[in-house]
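Below, each chain spelled out in residue letters.
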Amino acid sequence: PYLIKTAQDLEDMADAITKDNQFADTYFQLANDIELEGTQFSIGSKSIPFKGSFDGNNKTISNLIVFPSGQNGSGLFGGTDLSAVIKNLTLASARIVSVGSEEAYYVAGICGYNKGKISNCIVKSSTIQGSKYVGGIAGTNKGTIVNCIFDGSVTNAGTASGGIAGRSPMGS
């Protein structure tokens, strides 16, 4: 696996996602708890989704801040594809704020627009705010969410919000 050891490693991963590189068949694993104080990014988006596997290795990412990035999908992961897996991760004290524009759709702690599988993830002591499709784990879930917990605040200025998923058409 590619080991993510520092905040810079995680930010580099986010910067590396492009239409030509969405990490299909690539496995990432957190090696340490990571403190992101003052760091702002999302990994992928709805239009450029993450396609790999991300194993949090029962580690914690703290103090993620996400503001609109110019693309739909805000959260640690902006968007995931059918092949994506995110598991065994705790996100603590995150602040995901995306309001007032088209960018404010698909907002969540773990993944704004999920088509993959999210399992054994916890989002705690976090604030999630958006205009449409806002959730603690996924803003929109068209994939699978299993054994996840959200403990925080979800605020929605428009339609569809929830503690786990803002909406879940065709998802489970």
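Residues numbered from 1 in each chain as written. Predicted model: local features only at pLDDT ≥ 70, side-chain atom pairs only at ≥ 80, totals over all residues. Heavy atoms only, no water.

As for the sheet that holds strand 12 (residues 132–135)
Strand order in the open sheet made by the three strands is 9-12-16, with parallel pairing throughout. Edge positions in the sheet fall to strand 9 (105–108) and strand 16 (161–162), since each of these pairs with one other strand and no more. Where strand 9 and strand 12 come together, three bridges link them in parallel fashion. What sits directly across from Val107, in strand 12, is Val134. (Pairing = 2+ DSSP bridges. Helix = DSSP H or I, 4+ residues; strand = E, 2+ residues; numbered from the N terminus.)

Remarks on the side chain of Asn156
Mapped onto the fold, Asn156 is located in strand 15 (residues 149–156). A polar contact of 2.8 Å, which involves the side chain of Asn156, links it to the backbone oxygen of Thr159. A distance of 3.0 Å separates a polar side-chain atom of Asn156 from the backbone oxygen of Ala160. Contact partners of Asn156, with chain neighbours within four places excluded, come to Gly130, Ser131, Lys132, Tyr133, Val134 and Ser161. (Polar contact = N/O pair within 3.5 Å; in protein donor to acceptor, adjacent residues only side chain to side chain. Contact = heavy atoms within 4.5 Å.)

Brief notes about the pairing of strand 12
Of the pairings in the sheet, the one linking strand 12 to strand 16 comprises two bridges and is parallel in character. Across the sheet, residue Gly135 finds its bridge partner in strand 16, namely Gly162.

A word on the sheet that holds strand 17 (residues 165–167)
The parallel open sheet is built from four strands, whose spatial order is 6-10-13-17. Both edges of this open sheet fall to strand 6 (77–79) and strand 17, since each of them pairs with a single strand only. Strand-to-strand, the axes of this sheet are offset by a mean angle of 25°, without reference to chain direction. In this structure, strand 6 lies alongside strand 10 (residues 111–114), joined through two bridges in parallel fashion. Its bridge partner being in strand 10, Phe77 is matched across the sheet by Cys111. (Axes fitted to C-alpha atoms, helices over the stretch in contact; angles between N-to-C directions.)

Focus on the nonpolar core
In this structure, Leu10, Met13, Ile43, Phe50, Phe54 and Ile110 are the most contacted members of the largest nonpolar core, which totals 39 residues. Breaking this core down by element, the ones donating at least two residues are helix 1 (7–16), strand 2 (27–30), strand 4 (53–62), strand 7 (85–92) and strand 11 (117–130). Per element, the largest residue contribution to this core is four residues, and it comes from strand 11. In this structure Ile43 touches Leu10, Met13, Ala14, Ile17, Phe50, Gly75, Leu76, Phe77, Gly78 and Gly79, once residues within four positions along its chain are discounted. (Core = buried A, V, L, I, M, F, W, Y, C linked by side-chain atoms within 4.5 Å. Buried < 20%, exposed > 50% of the residue type's maximum accessible area, 1.4 Å probe, protein only.)

A word on helix 1
Within helix 1, the full set of buried residues consists of Leu10, Met13 and Ala14. Down the axis of helix 1, the buried set is contained in an arc of 100°. They therefore lie on one face. Looking at the buried positions of helix 1, the neighbouring elements they touch are strand 1 (2–4), strand 2, strand 4 and strand 6. (Arc of directions from axis to C-beta.)

Notes on the environment of Lys19
By secondary structure assignment, the location of Lys19 is in the loop between helix 1 and strand 2. For Lys19, a relative accessible area of 63% corresponds to the exposed category. Each C-alpha atom of the pair Lys19 and Pro49 lies 8.5 Å from the other, and the pair is 30 residues apart in sequence.

Considering the pairing of strand 11
Relative to strand 11, strand 7 is paired through seven bridges, and the arrangement is parallel. Looking at strand 11, one finds that Leu91 is bridged to Val123. Strand direction decides the pairing type here: strand 8 (residues 95–98) and strand 11, joined by four bridges, are parallel. Looking across to strand 11, one finds that Ile96 is bridged to Ile128. Relative to strand 15, strand 11 runs parallel, the two being bridged by eight bridges. Within strand 15, the position partnered with Thr127 by the bridge is Ser153.

Keep in mind these values describe shape, not function.
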